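Coordinate inspection notes
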Amino acid sequence: MGNVEVITQFLEATSRRDIDGMTALMHVDAEFVPITAAMEGVEYCGHAGIRQFVEDLTEHWEFFETVQEEWHDLGDRVVTIGRWHARGRGSGIEIEDQPAVWLAYVRDGKIVRWRTYTNVAEGIEAADIDSPTPGGTGP
């Protein structure tokens with residue numbers, strides 16, 4: 001399985017809240033900073049962190065869905081550009097078409113580090129690529 005496919009499957013598993021699917025693609029000691037954690041300055045670590053993330057996600061969000069639109073395979077890392085949709089469980093507030101950049105470092109078919117950005121320019125800069133190109137690679 002290629003790195004882009006690893007990331008695609010991971011984001012799809014995240015939308016389903018599929019802990020087994022997520023941990024199967026994540027290194028046991030991975031650093032994981034999804035958008036909810038990035039906004040709060042929190043980091044989840046390893047498989048236990050993935051379980052905690054899904055629990056937190058379920059507690060606070062009625063639904064949370066990722067939409068992948070563009071992929072850049074940069075060898076040791078993959079940059080995925082897209083958006084996410086969510087609805088707060090308590091508030092009912094919906095977030096639609098929030099831009100997202102997912103930056104994942106992959107080693108031996110497993111994610112070892114993950115960071116989500118809501119500012120596309122910041123995510124592109126963190127990934128150390130010049131700019132997103134239309135029609136980046138697909139899964």
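Quick note: structure is the one above.
Just so it is clear, the model here is predicted, and its values are computed rather than measured. (Residues numbered from 1 in each chain as written. Predicted model: local features only at pLDDT ≥ 70, side-chain atom pairs only at ≥ 80, totals over all residues. Heavy atoms only, no water.)

1. Things to note about the overall build of the chain
Along the backbone of the chain there are 5 helices and 6 strands. Moving toward the C terminus, one meets the helices and strands of the chain in the order α-α-β-α-β-α-β-β-β-β-α. Taken over the C-alpha trace, the chain has a radius of gyration of 14 Å; the compact-globule value for 139 residues is 14 Å, and the two agree within 12%. Here the C-alpha coordinates of the chain stretch approximately 40 × 30 × 25 Å along the principal axes. In the structure as shown, the chain presents an accessible area of about 6,900 Å², 46% of it carried by carbon and sulfur atoms. (Helix = DSSP H or I, 4+ residues; strand = E, 2+ residues; numbered from the N terminus. Rg over C-alpha atoms; globule rule 2.2 N^0.38 Å. Areas by Shrake-Rupley, 256 points an atom, 1.4 Å probe, with all protein chains shown as cover.)

2. Notes on the side chain of Arg 17
Considering the arrangement of structural elements, one finds Arg 17 in the loop between helix 1 (3-16) and helix 2 (19-24). Reaching out from Arg 17, the side chain makes a polar contact with the backbone oxygen of Glu 62 at a distance of 3.5 Å. (Polar contact = N/O pair within 3.5 Å; in protein donor to acceptor, adjacent residues only side chain to side chain.)

3. As for the environment of Gly 21
Here Gly 21 shows up in helix 2. Since its relative accessible area comes to 18%, Gly 21 is described here as buried. Each C-alpha atom, one on Gly 21 and one on Pro 99, is 24 Å from the other, the two residues being 78 residues apart in sequence. (Buried < 20%, exposed > 50% of the residue type's maximum accessible area, 1.4 Å probe, protein only.)

4. A short note on the pattern of salt bridges
All chains considered together, the criterion is met by 6 salt bridges. A salt bridge links Asp 76 to Arg 77; the shortest N-O distance between them is 2.9 Å. Residue Arg 77 is classed as buried on the basis of its relative accessible area of 14%. Asp 97 serves as the salt-bridge partner of Arg 83, at 2.8 Å between the closest nitrogen and oxygen. (Salt bridge = Lys/Arg side-chain N within 4 Å of Asp/Glu carboxyl O.)

5. Overview of helix 5 (residues 120-127)
Since the α-helix packs 3.6 residues into each turn, any two residues three or four apart lie on the same face. Looking at helix 5, one finds that the buried residues are Gly 123, Ile 124 and Ala 127. The buried residues of helix 5 occupy one face: seen down the axis, they fall within an arc of 100°. Along helix 5, the residues that are exposed and aim more than 90 degrees away from the buried face are Ala 121 and Glu 125. Where helix 5 begins, one side-chain oxygen reaches toward the backbone nitrogen of Ala 121, 3.0 Å away; that side chain belongs to Asn 119. Asp 128 sits one or two residues past helix 5 and shows a positive phi near 65°. (Arc of directions from axis to C-beta.)

6. Some thoughts on the nonpolar core
Ile 7, Phe 10, Met 22, Phe 32, Ile 111 and Trp 114 are the most contacted members of the largest nonpolar core, which has 31 residues in total. Looking at this core, the element that brings in the most residues is helix 1, giving 6 residues. Beyond its immediate stretch of four places on either side in the chain, Phe 32 contacts Phe 10, Met 22, Met 26, Glu 43, Tyr 44, Ile 50, Phe 53 and Trp 114. Counting 10 residues, the second largest nonpolar core, distinct from the first, contains Val 79, Ile 81, Leu 103 and Ile 129. (Core = buried A, V, L, I, M, F, W, Y, C linked by side-chain atoms within 4.5 Å. Contact = heavy atoms within 4.5 Å.)

Function cannot be read off these values alone, since they describe shape.
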